[in-house]
Amino acid sequence: DSHNRTLLRAAGSLLPPDVQFDEYDRLKLLPPFDEDDESAPALAVAHWRDAIAQADAILFATPEYNSSIPGQLKNAVDWASRPVKEAVLRNKPVAVIGASTSAYGALWAQAELRKVLAAAGARIIDRELPVGSAHDAFDDDATLKDRDVLLELDGILVELLYSVQQRRVA
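All figures in this text were calculated on a predicted structure; none of them were measured in a lab.

Engineer: Tell me about helix H2 (residues 43-54), residues and numbers included.
Structural biologist: In this model H2 runs 16 Å from its N-terminal to its C-terminal C-alpha over twelve residues, within 8% of the 16 Å that 1.5 Å per residue would give. All of the buried residues along H2 are Ala44, Val45, Trp48, Arg49 and Ile52. Buried residues along H2 cover an arc of 135 degrees about the axis, so they all sit on one side. Exposed positions of H2 whose direction lies more than 90 degrees from the buried face are Leu43 and Gln54. Against the buried residues of H2 lie strand S1 (58-62) and helix H3 (71-80).

In structure tokens, the structure reads:
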């Protein structure tokens, strides 16, 4: 029931019918990243990496805690970025959006996540979608109320899908 899950579902509803949208909801199962475990990671890590490998692109929606990303999300990116030669995030098209109850809409967390994803080698859409006052941002059917925010979200999705097409051509 998080605001960011609602935001992801709003994004999913904007996608064309031929685009499959899968929501990954098992980050809580990932153990803390430990380089000693890289050679034989937990099954949850294998599932996470496989989900990323199977995806043509990834849309991250992040809340903001203490002006940054949640620790579990950083942990998940760490697992997906190692070992470096096999990193499933390398060259993966990604976009970052976020919602929070503050007026800033997880803006700092989005910047932090884009920085971490860049270090992991992902191909990041360089756009922001701060959804502030998230507790009031959605209708009862999880539709974004603000037309400008909805149009910006749609633009990010169009750019992300274009990035997927470009990757296939290359």
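Engineer: Give a detailed account of the packing of aromatic side chains, specifying residues and quantitative values.
Structural biologist: Under the criterion given, the structure shown has two aromatic pairs. Seen in terms of ring centroids, Tyr24 and Trp48 are 4.9 Å apart; in terms of plane orientation they differ by 55 degrees. Their pairing is tilted. Note that Tyr24 is positioned in the loop between helix H1 (3-14) and H2 and Trp48 in helix H2, a separation of 24 residues in sequence. Judged by its relative accessible area of 23%, Tyr24 is partly exposed. Residue Trp48 is classed as buried on the basis of its relative accessible area, which comes to 5%. An angle of 70 degrees between the planes, with centres 4.9 Å apart, marks the rings of Phe33 and Trp79 as edge-to-face. Of the two residues, Phe33 sits in the loop between H1 and H2 while Trp79 sits in helix H3, which places them 46 residues apart along the sequence. Note on Trp79: relative accessible area 1%, which makes it buried.

Calculation criteria
- Residues numbered from 1 in each chain as written.
- Predicted model: local features only at pLDDT ≥ 70, side-chain atom pairs only at ≥ 80, totals over all residues.
- Heavy atoms only, no water.
- Helix = DSSP H or I, 4+ residues; strand = E, 2+ residues; numbered from the N terminus.
- Expected span 1.5 Å × (residues − 1).
- Buried < 20%, exposed > 50% of the residue type's maximum accessible area, 1.4 Å probe, protein only.
- Arc of directions from axis to C-beta.
- Contact = heavy atoms within 4.5 Å.
- Phe/Tyr/Trp six-rings, centres within 6.5 Å; stacked < 30°, edge-to-face > 60°.

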